[in-house]
Amino acid sequence: MKSVIKTCLLSLFIVNSMAAENSIGDKTVLNEPEAGSVSTQQGLDSWSRVYEVASHPRCANCHVGNSPYPMWSGPSFTKTQRHGMNINAGASRMGVEYIMCSTCHTGSNSEADHGAPGVKDAWRLAPVEADWFGKSSVEICQQLRDPKRNGNRTYQEIASHLGHDVILHWAWNPGGEREPAPYSLQEHMDDIMLWGVAGMPCPDDINSNLNDGVSYE
Amino acid sequence: MEINVNGEAHEVDVEDDMPLLWVLRDELNLTGTKYGCGIAQCGACTIHMDGLAVRPCQLKASEAKGRQITTIEGLGTPDALNAVQAAWIEHQVAQCGYCQSGQIMSAASFLKFKPNPTDEEIDYAMSANLCRCGTYPRIREAVKTAAAKLRGEV
Ligand code: FES
Ligand code: FES
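The rules behind each value
- Residues numbered from 1 in each chain as written.
- Chains lettered and ligands numbered in written order.
- Predicted model: local features only at pLDDT ≥ 70, side-chain atom pairs only at ≥ 80, totals over all residues.
- Heavy atoms only, no water.
- Domains from an automatic or database assignment.
- Contact = heavy atoms within 4.5 Å.
- Buried area = accessible area lost by both parts, 1.4 Å probe.
- Salt bridge = Lys/Arg side-chain N within 4 Å of Asp/Glu carboxyl O.
- Polar contact = N/O pair within 3.5 Å; in protein donor to acceptor, adjacent residues only side chain to side chain.
- Helix = DSSP H or I, 4+ residues; strand = E, 2+ residues; numbered from the N terminus.
- Nonpolar A, V, L, I, M, F, W, Y, C, P; charged D, E, K, R; others polar.

Q: Can you lay out the domain arrangement of chain B for me, pointing to particular residues and giving the numbers?
A: Residues and elements named next belong to chain B. Here chain B is partitioned into domain 1 (2–75) and domain 2 (83–150). Centre-to-centre, using C-alpha coordinates, domain 1 lies 21 Å away from domain 2. Taken together, the contacts link 19 residues of domain 1 with 14 residues of domain 2. Interface area, domain 1 with domain 2, both sides summed: about 1300 Å², of which 57% is carbon and sulfur. The tally of links from domain 1 across to domain 2 stands at zero salt bridges. The tally of links from domain 1 across to domain 2 stands at 10 residue pairs in polar contact (both at pLDDT 80 or more). Secondary structure elements with two or more residues in the side of domain 1 that touches domain 2: β3 (47–49), β4 (52–54) and α2 (72–75). Residue classes in the side of domain 1 that touches domain 2 are distributed as eight nonpolar, nine polar and two charged.

Structure, rendered in structure tokens:
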């Protein structure tokens, strides 16, 4: 079992590195605003747009935290529910334990209503730490600025990782009748950079005297 | 383009974006693989690509280039049945039979990962293969028997 997971993860790694070379990430740029040029309020405005993206069904449905169940929510569905067919992506996050996500989510993106979306990358759930589904703006913001929960990334690394990960790009170009994530990938990356340069402010930093005692400057 | 199906190379003259399922059924006449929904919702078309279950209604013909495709016809033959096929016969799983080649291909792929699955694990693995005739209890038993055969216990 372990060796099967290893093989799958290895092929995931290979697919990932190949994808990075030709990805539309090549068309995005990392726009770094000058230090001190973005106010906290402007940073919070950027954050609220970042939250609109993170909480959008195109992103949140697979950012399910500890749960192994992808979600079906948003305008294509009549109600919020677990992915049909009793799908369980398991601890592998890619269904190795039961039925692999790639069984249906192939390199071709179905344009048909309720057809399986796909990208040239291994379809999978987001890492457990990136827990967006049903979370508030404050909760997601605090996760994203916490190195322990954001993959030990700076805001520049968060933004550039978005540019290079093709599975994320699908959210803005989901095909068929699916509603895309708001704004564009480039605008989303720009908002993360603006938020970062502003010191990664979160909404409750100014609304309450409580803070987590960590400086993110 | 050339695609390899059941260990044989086939030259097929098709558009790159023709669904692989059409290539198998209409070009190569391998009609054991069934068409149910065309949108990855039923599992009737399940085959193996490089040994793993996939749904060719969702794959473009060009995605099969350089890969090893196995259909129900290539999993085993009447003279040399695959353990999963043998277990299916033992348990007389099929009712109308339409979904069954997909069920068998899914089970064969799953058992490579889980040689000794629990009922719950079987249900998670097989729920994405629909059966209008409701053969699910027999599918579950046959998967357990196939697993025991593959482990060399029966
Ligand atoms: S026909 Fe391919 S899953 Fe239904
Ligand atoms: S046996 Fe008839 S659909 Fe499954």
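Q: Please give an account of the interface of chain A and chain B that cites residues and values.
A: Taken together, the contacts link 26 residues of chain A with 21 residues of chain B. Contact with chain B buries surface across chain A, with M85, Y98 and T103 of chain A losing the most and accounting together for 29% of the total. Viewed at the interface, chain B and chain A are joined by zero salt bridges. Linking chain A to chain B there are eight residue pairs in polar contact (both at pLDDT 80 or more).

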